[in-house]
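Reading the structure
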Amino acid sequence: MLLLDITTFDPKNTTELFKRWEKVESMDFPKGLKVINQWFDAGGGRVITLFDVETVKDYLAYNLPFTDLCQIDVFPVIEADDVKKSIIYRMEKLSYLEIGQYKN
């Protein structure tokens with residue numbers, strides 16, 4: 001499951017956040033968690049991270065050390081191609097059902 005995490009923090013907490021981040025990064029990640037990429041807001045105060053996780057528990061294990069210093073918003077996300085395929089499949093199913101109704 002892909003999770004998009006937007007972490008917002010007060011710039012005065014930057015030093016403490018980086019200390020904790022280095023500590024967390026030096027430890028073993030939960031087995032079911034992979035950080036795909038991270039981006040820093042050029043204006044400061046935000047980090048955007050894309051995770052691939054097996055369970056939400058794996059995600060929580062990684063983020064718990066930061067929750068007292070920042071606000072974390074997390075969203076499950078789906079790749080655009082997967083959404084497109086799903087919509088096409090559902091539209092085809094609906095079209096089939098509508099045609100089947102008219103034949104009866």
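Analysis parameters
- Residues numbered from 1 in each chain as written.
- Predicted model: local features only at pLDDT ≥ 70, side-chain atom pairs only at ≥ 80, totals over all residues.
- Heavy atoms only, no water.
- Helix = DSSP H or I, 4+ residues; strand = E, 2+ residues; numbered from the N terminus.
- Rg over C-alpha atoms; globule rule 2.2 N^0.38 Å.
- Buried < 20%, exposed > 50% of the residue type's maximum accessible area, 1.4 Å probe, protein only.
- Contact = heavy atoms within 4.5 Å.
- Areas by Shrake-Rupley, 256 points an atom, 1.4 Å probe, with all protein chains shown as cover.
- Salt bridge = Lys/Arg side-chain N within 4 Å of Asp/Glu carboxyl O.
- Pairing = 2+ DSSP bridges.

The next subject is the overall build of the chain. Scanning the chain for helices and strands turns up three helices and four strands. Tracing the chain from N to C terminus, the helices and strands come up as β-α-β-β-α-β-α. Taken over the C-alpha trace, the chain has a radius of gyration of 20 Å; the compact-globule value for 104 residues is 13 Å, which it surpasses by more than 25%. With respect to the three principal axes, the spread of C-alpha positions in the chain is 70 × 30 × 20 Å. Residues counted as buried form 23% of the 104 residues belonging to the chain. In the chain, once contacts between residues fewer than 6 apart in sequence are set aside, the share between residues at least 24 apart is 68%. Surface exposure of the chain reaches about 8000 Å², of which carbon and sulfur atoms provide 58%.

Another point: the pattern of salt bridges. One pass over the full model with this rule turns up three salt bridges. Salt-bridge contacts for Arg 20 lead to Glu 16; the nearest nitrogen and oxygen are separated by 3.0 Å. Linking Arg 20 with Glu 16, this pair stays in helix H1 (residues 14-26), spanning four residues, or about one helical turn. The exposure class of Arg 20 is partly exposed, given its relative accessible area of 21%. A relative accessible area of 32% means that Glu 16 is categorised as partly exposed. Notably, a salt bridge pairs Arg 46 with Asp 41, separated by 2.8 Å at the nearest N-O pair. On the accessibility criterion, Arg 46 (38% relative accessible area) is partly exposed. One network of salt bridges, with partners in common, ties together Glu 16, Arg 20 and Asp 68.

Turning to the pairing of strand E2 (residues 33-40), a few remarks are in order. Both E2 and strand E3 (residues 46-53) contribute to a ladder of seven bridges, which runs antiparallel. Along E3, the bridge assignment pairs Asn 37 with Leu 50. In sequence, E2 turns back onto E3 through a hairpin of five residues, with Gly 44 there showing a positive phi of about 90°.

Keep in mind these values describe shape, not function.
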